[in-house]
Structures are given as structure tokens and as C-alpha cells.
4 protein chains.
Amino acid sequence: QAVEAGGGTMKKRRCMYEVHVQPCLVEMFGTSLFVFVGCAAVIGNVEAPGAIQPAVAHGLILGVLVMLFGQISGGHFNPAVSLSIYLCGGMELLLLLPYILAQMAGAMIGATITKVMYPSGMYVASLGGAFNATTADVGKSTLAEVMMTLVLTIVVCMGTVNRKSRTPWAPFCIGLTVTACVLAGGSVSGACMNPARAFGPAVAANQWNNHWVYWVGPTCGALLTVSFIRLLFGDQRTRVVLK
Amino acid sequence: QAVEAGGGTMKKRRCMYEVHVQPCLVEMFGTSLFVFVGCAAVIGNVEAPGAIQPAVAHGLILGVLVMLFGQISGGHFNPAVSLSIYLCGGMELLLLLPYILAQMAGAMIGATITKVMYPSGMYVASLGGAFNATTADVGKSTLAEVMMTLVLTIVVCMGTVNRKSRTPWAPFCIGLTVTACVLAGGSVSGACMNPARAFGPAVAANQWNNHWVYWVGPTCGALLTVSFIRLLFGDQRTRVVLK
Amino acid sequence: QAVEAGGGTMKKRRCMYEVHVQPCLVEMFGTSLFVFVGCAAVIGNVEAPGAIQPAVAHGLILGVLVMLFGQISGGHFNPAVSLSIYLCGGMELLLLLPYILAQMAGAMIGATITKVMYPSGMYVASLGGAFNATTADVGKSTLAEVMMTLVLTIVVCMGTVNRKSRTPWAPFCIGLTVTACVLAGGSVSGACMNPARAFGPAVAANQWNNHWVYWVGPTCGALLTVSFIRLLFGDQRTRVVLK
Amino acid sequence: QAVEAGGGTMKKRRCMYEVHVQPCLVEMFGTSLFVFVGCAAVIGNVEAPGAIQPAVAHGLILGVLVMLFGQISGGHFNPAVSLSIYLCGGMELLLLLPYILAQMAGAMIGATITKVMYPSGMYVASLGGAFNATTADVGKSTLAEVMMTLVLTIVVCMGTVNRKSRTPWAPFCIGLTVTACVLAGGSVSGACMNPARAFGPAVAANQWNNHWVYWVGPTCGALLTVSFIRLLFGDQRTRVVLK
């Protein structure tokens, strides 16, 4: 973590690369793998009952990727997660926008690969793993996204940013929370909790019905999390009141 | 854990907050998230066969919440767990009643959110995730609750209170035990093991059939656990006989 | 672990209790909980497809119990496991027979509780969770038990006895291996791998068809494991040849 | 790990054995257990819907075996994994070919045992757990194998070779990645990701339709992984450019 400030252009270039470029590349690459596995699990799940297969696939691959790439980029792979971590004091502002753009680009790559890989019949039948909130229940879908993103980002911020509660098992906690939330809310809104995960297959499959739900819901959930942690549940360093 | 006793009113207020208020808030908040995810997984599971989806959802979210909030409040989220931990010597009496009230309040909040979030057809069909022991087998249901709460609280007390057997992986052990117990006893009594988990959706869905089963069963299970640990399985410090 | 040799009868009685009596009680208690949860998951699984529910329930509860009681008794809960651990040098001969008897007694207790707890219709339909190898394929069933017990006891002995490979995560490894083996061989022989697990419900439900398969198979599997570890895969301390 | 260079032929023979022979035996033995459990889970899964049973069985047994045998041989059990680890600098060239041959031999042993163990009706109906890419979609199947092996070997190399990201939980990460990938791609190509896993049952069941897919796909995936890590995601020691 501590980068030795040495002499020479060579050394500086490496610093630049490892501190600013590699994390963004890792966010793009990791998000593409996450969206690839996630969408593929939804598309391949057409004939199986219930949400257990997509729930387990999303949760496990996310937990593993956060575990492996967390040392390099923090392992967000989710704009709502990046936002909540930034607002809780866990990353610098400079990286926020590059991370979000990298996540969106990675999601498009991952979703495109699933489109090429799956037979088009299965791809079309499952909307390519895209989310598609029905207009009748768009309010309920938005509430579901708010609530489940609240759960996910509480786990992320308490497990990785807040000093009193952070733990080396946070990556598994994050993955398993995704599994639990997909089982809990998958039948209402699809349980996306991640604007990039929604954006990628929406581009690849050209499905934009109520797409805004998957940006507004997770953003509100992330802001709720930040309020709870900054006002009530953070330790002395993270909390801004009652210090 | 060690709170430095400094001067000034400011410092004391913080102590008060972190030692007495924050743990109760965390119990309320954590229980509301647990009941939200748990009830939602039951409601959303209507069309899928077996108990695997609710079992996995309850277990994973509980394990994660205990891992994250355990440093602050102990992460009980369950009156039967609080009772058994208190009687095994793992918490002070002063917090027992506030914890139980906070858990009941949190459970009502979580259950109410699922009611708003799910379409009312699915909500009614699944009784809102409430437990509903049939009167014919009410004795068997009570026995099931006793036995499964015994298993759960044995894991909690051996994993977090008893010095010889406690382990940093106790949170995952607790969550996975809930998953196993729901698979084991879900078809008899619903495998509640938690009066607060029963109380929240009972209020939200107004379902009170044999509700007492989910208070009497878990309480007896917790008392059995305390007997086993205090008399037989505790270490020299926890055991009260044969020292 | 180090028991201070002090004076007085009081002290000696405690030593006796913690060194010889408590481990046997723990084996009985743990086996009764394991068999209770395992049989209940089989009985409650009648309407669900596949073996995933019993597989997950057996694996998780075993992993958790080994994690918690391992410090006290080693957490065997299985005569085949006790045999293989003894022959690999991980326990003293004096405890072997008491452990096996305690495991058989515990299994009867656990199985009897499931009989009382479940409605008799479900209990009879599932043979009370007892194993029932068909006579036509009794050879294949025995082979399945040999092979799957080989896998299980290899994991137990490499993970807890052999110094080069032992790991604090052995309890979870053991539990997850049971889950994998039930998924692998459940449709041939039921994937028992444990004479006590077979014995308990056989007594409670009075089902003795080819019961010997579940004693002969696991015993042969345990002996095969010991051969592999003592001759080929152990470290210098455990291996008896090529030192 | 450090082998003391002592005198005498006896000592040298042990070195030889523990350094060169035992790892190869472990690769053969571990691969035979992995292929045994994996094929058995596929054969026994005929009546259950979806891919969850084979996905969970493959992932759990692989994670456990890597955890236990990783200290001895590295725990590859997969020629594509051995290739990627060698090219990332995690093993010596001398062992590469022996490892691959041992893995192929082990896979044949494991697959043969499943053939003996299962009733021939079930064995034939499931092709003995062999992979069988349909010729119509052979390109899509190859792409699926490339992509999923890329995910698996990224996890292996980042988790065990790359110093900045390696972690003691890598074995579980590897196993869980296999589970996620089978859920993601099982319905396209079967999600083999392992030439040895394909080779064993192909020999036992004599199924060679498009068998090359399961050698070409994983090999290309491994080479892609090596490119990504050596050029972009490795730490200063592993990366060959931008140092």
C-alpha cells in the first residue's frame, strides 16, 4: 500500500499505473466478469424453477472477485457501492467518476459476450439477463431496489470502511448478501442493486423499459446507507454527530 | 471495547451513546433488515418447490448481520438468543429488556416494508411470511421449535460465550445453522426459532393463529441450552458444577 | 489443553471430567443433534425434488458442530471417522470404544426425537430418514459407501491429523464434503458414510434391510483412507514408509 | 517447506519422494476424487431440474481438495490450471508434464469407479458425466469454455500466485468460482473448464463427440488469463511491462 517515492521517470510511471490506472482497469475487468457470469446464469436458468441459480451465481462470483481484486481497486464493480463508499470516507473523489465509467464499460463488455455465447432463442427468452420492471408496479420495484441496495451497501460500508466492524471476511459477506437479496426481492424487481449490472445487458439486448428504476433505486439506497452510518451506526471516526 | 473514562460532558454523552444507545439501535436496525429479507424470501418463494430458498436467505443474511454488527451489539436479533446469552453469562441484565423491545420494534418495521413492497396477491397467499402452526399438530410444532431453537442457541452460546469453544467464525456458524434448521423443521412448524421474527409479520399481516407457539417454543429451547451448557458442556468458567 | 496437575480430590475430579467424561458426553450430544437435523431434513424433503435439501442440511450442521465441539472431543460424531483418526494417530485407543458407543446412543436419541416431532404419515413415507439399500444393487451400494467414506475420511484425516495439511477450516471442509458426497452418491446408497447415522433411525423406524451395508462400507472406506495416508500422502511424521 | 539438506541416501530418498513423487501422486489421487464426485453428481442428477446439484458438488469438492492438498502439490487437478500457474511463474517446468499426465490418469480412475458404482441405466442416460458439445453450436461451446476457464484461472492465479492479491481463502474462492461458472455456462457447453475432467469420463463412457472443444477452450482461456495477469493485473513482480 505504501508506495515508495523514488526517483526517475520509470518509477513515477509505475506509481501512476498502480495507483490510478490499474484500479480503473480492474474495475472494468471485474465488472465485465461479474456481469458475464450473472447474465449467463439468468439466461441459462430459463427452465429451472425459482431464483436459487441466479442468486447463488451472482453472490459467489461477486464474493470471489471482491476477495481477489479488493487489494487493488477495492472491488466495487457497482456505481452504488462506489458512491456509498466515497460518502462514508472510504475512497478519494478523484477516482469516483473513472470507477463508474469503467464499471459501465465493463458491464457492456460482459453482456455482449453472453449475447455471442448463448443461442439466440435462450437469449431472447430471458431478455439477455436485462431487468425489466413492469410499469404497473414500478413504485414497488423502486422500493425493492432501494431496500435491497440499502442492505447491500450497509454490508459493504460496515464491513470495509467502518473501523469498528470491518473484517477480512467482508468479501464473502458482500457476496452472500447479494445471494440473500436476490432470493428476497428477485420476484419484485429482479433484485439488481447495481446500475452497471442493469446497464450492460440493457445495451446488449436493447431493453430500456423503466431502466431508470435501476439507477434511482440503488442511488437512493446508497444515500440511505450513508445517512444511517454517518448519523447512527458508525464508530467515533465515521460518525458525524454524537462524537 | 475498553472505553477511556475521560472528563467533560461531551465524552460522557459519547460513552452513553456507544455503550447503551447504539447497541439497542443496532439490534432494532439489524432485526428489521433480517425480518425484511426473511419475510421477503418466504413471500417470493410461493412458486418454487421446497424450503431451500427461504432457508438459504434467512441463514445468509443472519450470518452476515451477526458478523458486521456483532462488535457493536453482539448481533442477537432474537429474544431467545438474548435470553440464552444472558443466562450463560455473555451480557448484562440491564440490556436484556431493551434488546428484546428493540428486536420486536425492528421486526415490525421489517415486516411492514415487505407488506408495502410486495403485490398484495403474493403477500396474502404467503400470509406475509408469518408463521401459522396448524392446531391439529400444535404439540409437534412446539416440540419442533424447542428442538431447533436448542440447536441454534447451543451454536450461539458455544460459539460466542464459552471460552473453550468460541471462534471468530461463530457468525457464519450461526447463519448456517439457521439454514440447516429451516431445511430440517420447516415443514413441521416453519422453523422460526425467533419470537421477534414471528411477531413482526404477525402484526403486519394480522395472523395470530397459535402465535404463542413461537414464544413458548424458543424460550424453552433457550432454557434447555442454558441447562446443557451450565451443567455439562461449558468450560470451567461457564460450568456451575463439577468444577 | 494443558491441564495443571494440582492437589486435592476436587481438582482430580475435574480433570477426569474434562478429559474423559465431557468428550464422550459431547460425542453423544453432538451426534444426537446431527442425526436429529439430518433425519428431519430427509423426512421433510419428501415433496421437494433432488437431494439438495438433505445434502445441504447434513453438511452445514455437521460443519458447525465439528467447529464448535472440536476443541472438546474432536467432533467425530461418526464411528468410521473415529476409527480412521485413531489409526492415523490422532486419538488414544482408550477413547475409541466409548466414543463409538456414545455416538450410537446419541443417534438413537436424535432419531427418536424426529419420530415424535413429525406427523406419522411423513415419517413412514420417508422411512424415518433410515437407509434402505435395495437388495438388487447391494454391491453397488456397498461400493458407494466405501468410496464416499473414503473421500470424507481423507478430508478428516488430512485436515485435522496430518501436520503438513491440517487447517483451522477443516470443520467447514468436512461439512462441505458431506454435502458434495450426498449430491454425488445419494441416489445409489443414500450416501450415509456413518454407521451411527444409519443405526439411529434404523432403531427408531425399525428398518433393517441390508443394514450391514452401512457398517461394512464406511469401515472399509476408513481403512482405505488409513492405508493411503500412512503409506503415501502423510507427512514424515504420519507416513510409515519412505521416511 | 524448507527441506533440510542432510546427509545419507535415506534422507535424499525422502526429499526425492516428498518433492517430486508425492506431488504427482497427490495430483492423480485428488483428480480421481474430484472426477469421481463430479461425474457421480451429474449421473445422479438426472431427475432433478437445473444445474444446481452438479454445480454445488463440483465446487465444494474442488474447494475442499485444493484446501487440503494445496500444501503438497498446489492442488491443481486441472491441466489448464497447471498451464496458467506455470506461465504466471507459480511452478517449475519440470513438474508440468508429470502433473498433466497424473491428472489424466486420475480422471480415468475416478470416471471408471462411477461407471462401476452406478446402475447402467442411469450411467448411459447421463453419458457417464461426459461432455458432449452439440455440433450445431460448437463455436458457442468453445467460446463458453474459453470464457469460463478465463474466469477460473484468473481466480486461481490472482488468488495463489500474484503476491498482492493472494489469500489463504483461495481454495474456497476456486471452488465457489466453479459453482458459479457451472450455473452460468452449464447449459451451453456443460462448463467443463478442465481437460482432465472431460477426458476421464470420455474414456470410461467412450464418448468423443467434439472432445477437442474441452482441450482447446480451456487452453485458450488459460493463455488469455496469463496475458491479462502478465500485462495488466499482476503486481510489480508478476507483471512484465510497465514495471
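Quick note: structure is the one above.
I will try to describe carefully the structure that is included in this document. (Residues numbered from 1 in each chain as written. Chains lettered and ligands numbered in written order. Predicted model: local features only at pLDDT ≥ 70, side-chain atom pairs only at ≥ 80, totals over all residues. Heavy atoms only, no water.)

### Focus on the overall build of chain A
Moving on, step 1. Scanning chain A for helices and strands turns up 9 helices and 0 strands.
Moving on, step 2. The helix and strand sequence of chain A, counted from the amino end, reads α-α-α-α-α-α-α-α-α.
Moving on, step 3. Computed over its C-alpha atoms, the radius of gyration of chain A comes to 18 Å, within 12% of the 18 Å expected for a compact globule of 243 residues.
Moving on, step 4. In terms of overall dimensions, chain A has C-alpha extents of about 60 × 45 × 30 Å along its principal axes. (Helix = DSSP H or I, 4+ residues; strand = E, 2+ residues; numbered from the N terminus. Rg over C-alpha atoms; globule rule 2.2 N^0.38 Å.)

### Describing the environment of Cys220(D)
Moving on, step 1. Among the structural elements, Cys220(D) can be located in helix H9 (residues 213-233).
Moving on, step 2. Taking the relative accessible area as the measure of exposure, Cys220(D) reaches 34% and is therefore partly exposed. (Buried < 20%, exposed > 50% of the residue type's maximum accessible area, 1.4 Å probe, protein only.)

### Thoughts on the relation of the copies chain B and chain C
Moving on, step 1. Once turned by 90° and shifted 0.0 Å along the axis, chain B lies on chain C with an RMSD of 0.0 Å. The operation mapping one copy onto its partner corresponds to a four-fold rotation axis. (Least-squares fit on C-alpha atoms with pLDDT ≥ 70 in both.)

### Some details on the interface of chain D and chain C
Moving on, step 1. Counting residues at the interface gives 38 residues for chain D and 40 residues for chain C.
Moving on, step 2. Between chain D and chain C, the buried area comes to about 3600 Å², and carbon and sulfur atoms account for 76% of it.
Moving on, step 3. On the chain D side of the interface with chain C, the three residues burying the most area are Phe29(D), Leu68(D) and Met117(D), jointly 17% of the side's total.
Moving on, step 4. Between Arg239(C) and Glu18(D) there is a salt bridge, with its nearest N and O atoms 2.9 Å apart.
Moving on, step 5. At the junction of chain D and chain C, the tally comes to 10 residue pairs in polar contact (both at pLDDT 80 or more).
Moving on, step 6. Contributions of two or more residues to the side of chain D that touches chain C are made by helix H1 (9-43), helix H2 (52-73) and helix H4 (93-117) of chain D. (Contact = heavy atoms within 4.5 Å. Buried area = accessible area lost by both parts, 1.4 Å probe. Salt bridge = Lys/Arg side-chain N within 4 Å of Asp/Glu carboxyl O. Polar contact = N/O pair within 3.5 Å; in protein donor to acceptor, adjacent residues only side chain to side chain.)

### Observations concerning the side chain of Thr177(C)
Residues and elements named next belong to chain C.
Moving on, step 1. Here Thr177 is to be found in helix H7 (residues 170-189).
Moving on, step 2. For Thr177, a relative accessible area of 0% corresponds to the buried category.
Moving on, step 3. At a separation of 2.6 Å, a polar atom in the side chain of Thr177 contacts the main-chain carbonyl oxygen of Cys173.

### Looking at the pattern of salt bridges
Moving on, step 1. The tally for this structure, following the rule as stated, stands at 8 salt bridges over all chains.
Moving on, step 2. Each of Glu18(A), Lys164(D) and Arg239(D) takes part in salt bridges that share partners, so that together they form one network.

### Focus: the nonpolar core
It is characteristic of soluble globular proteins that their nonpolar side chains tend to be buried jointly.
Moving on, step 1. Grouped together as the largest cluster of nonpolar side chains are 290 residues, with contacts concentrated most on Phe69(A), Phe69(B), Phe69(C) and Phe69(D).
Moving on, step 2. Not counting residues up to four positions away in its chain, the partners in contact with Phe69(C) are Ile154(B), Met158(B), Val26(C), Phe29(C), Gly74(C), Gly75(C) and Phe77(C). (Core = buried A, V, L, I, M, F, W, Y, C linked by side-chain atoms within 4.5 Å.)

### Re the environment of Phe131(B)
Moving on, step 1. By secondary structure assignment, the location of Phe131(B) is in the loop between helix H5 (120-125) and helix H6 (138-160).
Moving on, step 2. In this structure, Phe131(B) is in contact with Ser189(B), Gly190(B), Ala191(B), Cys192(B), Arg197(B), Ala198(B), Asn209(B) and Tyr214(B), ignoring residues within four places of it in sequence.

### A closer look at the side chain of Thr114(A)
Moving on, step 1. When you line up the elements, Thr114(A) lands in helix H4 (residues 96-117).
Moving on, step 2. When near neighbours in sequence (up to four residues on either side) are disregarded, Thr114(A) contacts Phe36(A), Cys39(A), Ala40(A), Ile43(A) and Tyr123(A).

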